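Summary of structural features
In case you want the letters, here they are:
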Amino acid sequence: MMLRKLLLPLMLAVLGSAPAVAASRGPVTPAAKSKKATAKPVVKATPAQKKRPAAPLPKGRRVATRAGKLVGASLTAYRVPDDCSGLVRAAYQAVGIELLSHGTRPGENAVSAIHRRAQRAGALHQRTPKPGDIVFFRETYDRNRDGERNDGLTHVGVIESVERDGTVVFVHRGGSGVKRSRMNLRFPTKREQGGRVLNDYIRRAEDGERARFASELFSGYASVSRL
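Some remarks on the overall build of the protein
When its secondary structure is counted, the protein shows four helices and ten strands. Secondary structure elements of the protein, listed N to C terminal, follow the sequence α-α-α-α-β-β-β-β-β-β-β-β-β-β. Considering the protein as a whole, with its 227 residues, one finds that 36% of them fall into the buried category. Intrachain contacts of the protein at a sequence separation of at least 6 include 52% that bridge at least 24 residues. If you sum the accessible surface of the protein, you get close to 15200 Å²; carbon and sulfur atoms cover 54% of it.

Remarks on the sheet that holds strand E10 (residues 218–222)
Within the open sheet, the six strands sit side by side as E1-E10-E2-E3-E4-E5. Their pairing is antiparallel. Taken across any chain shown, the strands that pair with only one partner, and hence form the sheet edges, are strand E1 (124–125) and strand E5 (177–183). Strands in contact with helix H3 (residues 84–92) are strand E2 (134–138), strand E3 (153–162), strand E4 (168–174) and E5; relative to E3, the strand with the most contacts, it is inclined by about 40°. Sitting on the sheet, helix H4 (residues 110–120) touches E1, E2, E3 and E10, and the angle it makes with E3 is about 60°.

Structural notes on the packing of helix H2 (residues 59–69) against H3
The geometry of H2 relative to H3 is characterised by a closest axis approach of 8 Å and an angle of 130° between their N-to-C directions. With respect to each other, H2 and H3 are oriented oblique. Remark: the crossing between H2 and H3 carries right-handed chirality. Packed against H2, whose contacting residues are Val-63, Arg-66 and Ala-67, the element H3 presents Ala-90, Ala-91 and Tyr-92 at the interface. A per-class count over the contact of H2 with H3 returns five nonpolar, no polar and one charged.

Notes on H2
Residues of H2 that are buried include every one of Gly-60, Val-63, Ala-64, Ala-67 and Gly-68, and no others. Along the axis of H2, the buried residues cluster in a sector spanning 135°; they form a single face. Those residues of H2 that are buried are in contact with H3, E3, E4 and E5.

A few points about the pattern of salt bridges
By the definition in use, this model includes twelve salt bridges. For Arg-182, the salt bridge goes to Glu-163, with nearest N and O atoms at 3.3 Å. Of this pair, Arg-182 sits in strand E5 while Glu-163 sits in the loop between E3 and E4; the two residues are 19 residues apart in sequence, bridging distant segments of the chain. Of the charged contacts, one joins Arg-196 and Asp-165 as a salt bridge, the two residues approaching to 2.6 Å between their closest N and O atoms. Taken together, the residues span a long stretch of sequence, with Arg-196 in strand E7 (residues 196–197) and Asp-165 in the loop between E3 and E4 at a distance of 31 residues. Judged by relative accessible area, Asp-165 falls into the partly exposed class, the value being 24%.

Details of the environment of Lys-190
Residue position: Lys-190 is located in the loop between E5 and strand E6 (192–193). Judged by relative accessible area, Lys-190 falls into the partly exposed class, the value being 33%. For the pair Lys-190 and Phe-213, spaced 23 residues apart in the sequence, the C-alpha separation amounts to 8.4 Å. When residues no more than four places from it in sequence are discounted, the contact partners of Lys-190 are Leu-198, Asn-199 and Phe-213.

Examining the confidence of the model for the protein
Residues of the protein with pLDDT of at least 70 account for 78%, and the chain-wide mean is 86. Confidence drops under a pLDDT of 50 for residues 18–24, and excluding neighbours within four residues, the segment shows zero contacts in the predicted structure.

Conventions and cut-offs
- Residues numbered from 1 in each chain as written.
- Predicted model: local features only at pLDDT ≥ 70, side-chain atom pairs only at ≥ 80, totals over all residues.
- Heavy atoms only, no water.
- Helix = DSSP H or I, 4+ residues; strand = E, 2+ residues; numbered from the N terminus.
- Buried < 20%, exposed > 50% of the residue type's maximum accessible area, 1.4 Å probe, protein only.
- Contact = heavy atoms within 4.5 Å.
- Areas by Shrake-Rupley, 256 points an atom, 1.4 Å probe, with all protein chains shown as cover.
- Pairing = 2+ DSSP bridges.
- Axes fitted to C-alpha atoms, helices over the stretch in contact; angles between N-to-C directions.
- Parallel < 35°, antiparallel > 145°, perpendicular 65-115°, else oblique.
- Left-handed = near helix turned anticlockwise from the far one by under 90°.
- Nonpolar A, V, L, I, M, F, W, Y, C, P; charged D, E, K, R; others polar.
- Arc of directions from axis to C-beta.
- Salt bridge = Lys/Arg side-chain N within 4 Å of Asp/Glu carboxyl O.
- pLDDT = per-residue confidence, 0-100.

The following block contains the structure:
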């Protein structure tokens, strides 16, 4: 009896010190990591990548472009006479040049006045022309109606382009309006070659004389860069 009393506290002490059994739990899922928005770095364009404005056309090209656009058009919108000098003046308005700002002398026609301005500016030449240059012609019609070839400079136009064979394409105001014509100074009396026009007529046949080509009545050029 005494032994039982002694063993009972001992047994209770042993049972009290046993580890508790943990409750059964399901698998533990680790908490999802929060996603932080990653800002994309700003890439700056290099100077070479930046859009550059188109370079303006050279002065001569702008004059030639204006002249080309006037083919078949009226000159009245440009406040110039509807003649060959008016065409050239309208073309040069594209670069802010008034070719008759210096006026004309008594008895002087507009073509001669433009030629005088070019001479004073040192612009006259006989070299291969460039787009925008002025081309002068003499005796294209009987201006004073005396039946003689004594009229001097009577016609003017604007160079639009020069072809590989040397044929010059120019824009001018002729009897039928503003048009393109050609001349080739290497073959001044030849109309065509190989099916291509070398020279256009610029003076009609009259008084028993045949029609004349532009190259036959050519006088000279004036450089657009000097006007």
